[in-house]
Structures are given as structure tokens and as C-alpha cells.
Amino acid sequence: SLIVKIWPSLQPSESDEGMNLRLFEFLDKCADIKRTTHPNVQSIVEFGLSPVGLYLVVEKCSGASLNVFLNESDISTAYRIQLALGFIKGVRSIHESGIAHSDLKPSNVFIGTPEDGPPTTKFIDLPDIDAAGGSKSSDEYTATSRSQNPLDVDRYAALLIIVEMLDGRVSSSA
């Protein structure tokens, strides 16, 4: 199954070069992500501009977001370590492809629980854009990073998330 996201207010503009640049950057990031075939990254099926606005078609991930999964599950430390390792591999994979998530937080990490194997982590909302054409980010996981480099901001957010994974509790506001 698929998820279709449409931003009707996001269209190229003859008078707003800044908006055009943000749309181009978003579409460029979509193309980069579509080329990244990693099991920890939500697949992009299609993206572009249409008469109804900017659109993005992505795979629908099964499972639960990390915050829901950890707060509602009684899981062992060994299982949490497996989750953290999959999460770290996913972050490394997207960074090796030159892609920063830019909004890593527990609600943007989905946990799949296959019956015959270890848990899987998958990043969602990569890429994401707000109705004004800006990038979205979670202040709770990015604001205290001392770097403006998007990869460093991701690493900082990943560290906070891993601590929460290993502790077994995730902030419900994330």
C-alpha cells in the first residue's frame, strides 16, 4: 500500500524565487532518496509537481512509530539493542548517500516486527516540507545540537533517540 501526500499551496511562482528554490531542493532530495535502496528508508514511489500542487507518493510502513512501540511494549534489553543497531545502520546508510533526514525523532522512526526475524527500523517523513515550503524539524531533537551541519544534527538527534531506545521510554511529545 501507498501513502500520497499533496501540498496544494506549494507551486512554482514567478514572483517568489525563494519558494522555487525550496521546491527544487525538495524535489532534488526526493530524487536522491528514491535512488537510495536501503531497508531502513521508506521508499519513494513517485514525486513531482502537478496542477494540484507538490506531491509525494511513498510506501506505507507497517508496524508502529518508535514512541508508540516503546511506550506500549514490554521488551528486553537485547531487543532494544537490536532496534538501536538497525537504527544506527539506517542513519549511516542515508548519510553515506549524502542525505540528511533533518527531522529525526521517535515518531519518524517506524518499528516493524516480523514474526521470523529481528525487529526492523524504517525512517519515515524523509523528506518533508511544511505548507510554507520550509523544512520541518523537531526542536526537541535538533535545537541543542551545536552544529548547523544537517548530518551532525541528525547524529545528535540519533544519539538522543538511542538513549531513549536503550532506556525503553520515549518522550510522548516526540
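Residues numbered from 1 in each chain as written. Predicted model: local features only at pLDDT ≥ 70, side-chain atom pairs only at ≥ 80, totals over all residues. Heavy atoms only, no water.

Moving on to the environment of S102. Mapping S102 onto the fold places it in the loop between helix 3 (77-96) and strand 5 (109-112). For S102, a relative accessible area of 23% corresponds to the partly exposed category. (Helix = DSSP H or I, 4+ residues; strand = E, 2+ residues; numbered from the N terminus. Buried < 20%, exposed > 50% of the residue type's maximum accessible area, 1.4 Å probe, protein only.)

This paragraph deals with the packing of aromatic side chains. For the coordinates displayed, the defined rule picks out three aromatic pairs. An angle of 75 degrees between the planes, with centres 5.5 Å apart, marks the rings of W7 and F26 as edge-to-face. Residue W7 is found in strand 1 (residues 2-7), and its partner F26 is found in helix 1 (residues 17-35); the two are separated by 19 residues along the sequence. (Phe/Tyr/Trp six-rings, centres within 6.5 Å; stacked < 30°, edge-to-face > 60°.)

As a further point, take a nonpolar patch on the surface. Residues I81, L85, I88 and L166 make up a contiguous nonpolar surface patch of roughly 330 Å² in combined accessible area. Here the nonpolar patch gets three residues from one element, more than from any other, and that element is helix 3. (Patch = residues over 30% accessible without salt bridge, like charges linked within 9 Å, V, L, I, M, F, W, Y side chains within 5 Å. Areas by Shrake-Rupley, 256 points an atom, 1.4 Å probe, with all protein chains shown as cover. Salt bridge = Lys/Arg side-chain N within 4 Å of Asp/Glu carboxyl O.)

This part covers helix 1. If you check helix 1, its first and last C-alpha atoms are 27 Å apart, about what 19 residues at 1.5 Å a residue would give, namely 27 Å. The complete set of buried residues in helix 1 reads M19, L23, F26, L27, C30, A31 and I33. The buried residues of helix 1 occupy an angular sector of 165 degrees when projected down its axis, which confines them to one face. Turned more than 90 degrees off the buried face of helix 1, the exposed positions are E17, F24 and R35. Each element contacted by the buried residues of helix 1 is listed here: strand 1, strand 2 (44-50) and strand 3 (53-59). (Expected span 1.5 Å × (residues − 1). Arc of directions from axis to C-beta. Contact = heavy atoms within 4.5 Å.)

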